[in-house]
Amino acid sequence: MDVDSQAPSFLPEDLTRADGLWFEDCGLIILAEKTIFRVSRDYLAAHSPIFKDMLALPAPREVDMMLGCPFVALPDSAADITVFLKALMFPDFFEPHPAPTSYAILTAVLRMSHKYDVATLRKRALVHLSSQFPTQLHDYEFLASQKDPPWIAQLKDEDGPGFHSLTALARSLSIEWILPIAFYRVCAFSTEEGILRSDHTLSDKVNIVTACRTLEGAVVTNMLDFLWPNPVDGCDTPSQCSVSKTAMRRRKESCRNRPSSRAPTMPLDLWTIGKWDTLRVCTACLDSMKGKHEEAKQEHWDSIPEMFELPSWAELEKLKAEALN
């Protein structure tokens, strides 16, 4: 696009210059809602094939001009374009995982990097996202022992809608490998009423509600089967072991009741490594119980994608590897 030397050099009164994204020595103005950005067209073209093609188009005779520069009006929100341009231009604005970020920044980068085909930013955002939605059970268990990053903590504080919006975004951008655990967390942080009011598709709503009921019923039963006072070969203290198992089983059965003031304990989180020390059982019973519990966890883990009518973990891991490598 050639700049018309006779073009008007004024700023319409209803527009606002973007703070920190207005460079006087650059020759392209972008309009998003009522905010304008002045940036380098060459820099944008070098990082985004979409912008490269857009800016390479032959300019019409009467090209749109502002302040003596050609400008492009985008349909995106000013907030998304602000995040997108800052992530492109300022290395410390959106750093690679495990650097902290916010949910608003992460999701804006995901949307814009996908739309404008900025591969480096998209991959960086996907690594951030994938780090909290594992495809392996041992990674899930490791995360359970760690402090949540700020953007996940923000989602949990939103009492459900945050995870609803994240799963919708993942659906729209084909980030399918995060969906099993994302939906699992929807079940943890949402009421049935909230799920039905959400923007999920009808099929996803049905799957989530059905999964919630299964997670509170049959899955809990299977996960706690290791606490039944069944006789174990080699048990030295059958009476004491039976009493200890039964008492713990009764305590854990209360997890079926969904509390109103906090998220319920999900089946995979019902029993952690440290809790083995609270049981007064013999070595033979303890070894048997640990084996049964590991089998139940793996069986439940393997079933999670199917609960939400998603591909198997193996297929999802292939998609993940293709996107991140």
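That block above? That's the structure.
A short tour of the structure in this document, coming up. Nothing here was measured: the structure is a model prediction, and the numbers come from that model. Every chain's residues receive numbers from 1 upward, in the order its sequence appears when written. Since the coordinates come from a predicted model, pLDDT governs what is reported: local features require at least 70, and pairs of side-chain atoms require 80 or more to be given and counted, while whole-chain, interface and lining totals use all residues. Only hydrogens and water are set aside when side-chain values are computed; all heavy atoms of the structure are taken into account.

**Brief notes about the pattern of salt bridges**
Point 1. Definition used for salt bridges: Asp or Glu carboxyl oxygen within 4 Å of a side-chain nitrogen of Lys or Arg. This model, assessed by the stated rule, comprises 12 salt bridges.
Point 2. Of the charged contacts in the structure, one is a salt bridge between Glu-193 and Arg-197, with a shortest N-O distance of 2.9 Å. With Glu-193 and Arg-197 both in helix H10 (residues 192-197) and four residues apart, this pair spans about one turn of that helix.
Point 3. Only protein chains enter the area calculation, which uses a 1.4 Å probe; residues under 20% of their type maximum are buried, those over 50% are exposed, and those in between are partly exposed. The exposure class assigned to Glu-193 is exposed, which follows from its relative accessible area of 53%.
Point 4. Between Lys-297 and Glu-294 there is a salt bridge; the shortest N-O distance is 3.0 Å. Placement of the pair is Lys-297 and Glu-294 together in helix H14 (residues 283-307), with a separation of three residues, close to one helical turn.
Point 5. Residue class for Lys-297 comes out buried when judged on its relative accessible area of 6%. Comment: elements are numbered from the N terminus, with helices defined as DSSP H or I runs of at least four residues and strands as E runs of at least two.

**Digging into the side chain of His-200**
Point 1. Structurally, His-200 can be placed in the loop between H10 and helix H11 (202-216).
Point 2. Exposure remark for His-200: the relative accessible area of 9% places this residue in the buried category.
Point 3. N or O atoms within 3.5 Å of each other form a polar contact, as long as, within protein, one can give a hydrogen and the other can take it, and as long as residues adjacent in sequence are counted only when both atoms are side-chain atoms. Polar contacts involving the side chain of His-200 include one to the side chain of His-164, which spans 2.7 Å.
Point 4. Whether two residues are in contact is decided by their heavy atoms: any pair within 4.5 Å suffices. Setting aside residues up to four positions removed in sequence, His-200 forms contacts with His-164, Thr-167, Phe-183, Val-186, Lys-205 and Ile-208.

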